[in-house]
Amino acid sequence: NLTKHVIFIGQVPHKRAMEYMAACEVFTLPSWQETFGLVYIEAMAHGKPVIGVQGQGVDGIVVHGQNGLLAKPRDVDSLVEALDYLLSHPDEAKAMGERARKLVLENYTWEKNAEKTIKVYEEVLSGS
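Residues numbered from 1 in each chain as written. Predicted model: local features only at pLDDT ≥ 70, side-chain atom pairs only at ≥ 80, totals over all residues. Heavy atoms only, no water.

Novice: Explain the sheet that holds strand β3 (residues 68-71) to me, using residue names and the numbers behind them.
Specialist: Strand order in the open sheet formed by three strands is β1-β2-β3, and the pairing between neighbours is parallel. With partners counted over all chains shown, the strands left at the sheet margins are β1 (27-28) and β3, one partner each. Looking at chain direction, β1 and strand β2 (residues 50-53) are connected through two bridges and run parallel. Pairing of Phe-27 across the sheet is with Val-50, part of β2. The strands touched by helix α3 (residues 76-88) within the sheet are β1, β2 and β3, with β3 carrying the most contacts at an inclination of about 165 degrees. (Pairing = 2+ DSSP bridges. Helix = DSSP H or I, 4+ residues; strand = E, 2+ residues; numbered from the N terminus. Contact = heavy atoms within 4.5 Å. Axes fitted to C-alpha atoms, helices over the stretch in contact; angles between N-to-C directions.)

Written as structure tokens, this is what we have:
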């Protein structure tokens, strides 16, 4: 009975995906083979609390209970628990989303990435 509660939209252009992301309340990608996961950063930049998977690359970005939640790998009950928590605690979910956005703006913008890249080149060139 998922179709009563979920709309499966299939593949959409990136711009449209960002519109959906801006409209959602929570973002989750329960992948257990994820490295960094740019899509999490995109959701966090929209001020959304995210749900990722423990022990994957995203757990270096998502701090459980701070800017999102981490579910156990391959554990549907853990994912349901995280979704239920965020949807039934909208004020806390909003606060997590705001902290997520702040983290992205402070650390993961194109400008910040350029600064980090320049720093690496400067260190290499100076022999440090």
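Novice: With reference to specific residues and values, describe the packing of aromatic side chains.
Specialist: What the rule picks out here adds up to one aromatic pair. Here the aromatic rings of Phe-27 and Tyr-40 are separated by 5.9 Å at their centres, their planes lie at 90 degrees, and the arrangement is edge-to-face. One end of the pair, Phe-27, is in strand β1; the other, Tyr-40, is in helix α2 (residues 38-45), and 13 residues separate them in sequence. Assigned by exposure class, Phe-27 and Tyr-40 land together as buried. Here the basic side chain of Arg-16 rests over the ring of Tyr-20, its NZ or CZ set 4.6 Å away from the ring centre. A cation over a ring is seen here: Lys-116 above Tyr-108, with NZ or CZ 5.3 Å from the ring centre. (Phe/Tyr/Trp six-rings, centres within 6.5 Å; stacked < 30°, edge-to-face > 60°. Buried < 20%, exposed > 50% of the residue type's maximum accessible area, 1.4 Å probe, protein only. Lys NZ or Arg CZ within 6 Å of the ring centre and 35° of its normal.)

Novice: Account for the side chain of Asn-67, with residues named and values stated.
Specialist: By secondary structure assignment, the location of Asn-67 is in the loop between β2 and β3. The exposure class assigned to Asn-67 is buried, which follows from its relative accessible area of 4%. Here Ile-61 takes part through its backbone oxygen, which lies 3.2 Å from a polar atom of the side chain of Asn-67. Side-chain polar atoms of Asn-67 contact the backbone nitrogen of Val-63, separated by 2.8 Å. Not counting residues within four places of it along the chain, the set of residues in contact with Asn-67 comprises Met-44, Pro-49, Val-50, Ile-61, Val-62, Met-96, Arg-99, Ala-100 and Leu-103. (Polar contact = N/O pair within 3.5 Å; in protein donor to acceptor, adjacent residues only side chain to side chain.)

None of the figures reported here should be taken as evidence of function without further support.
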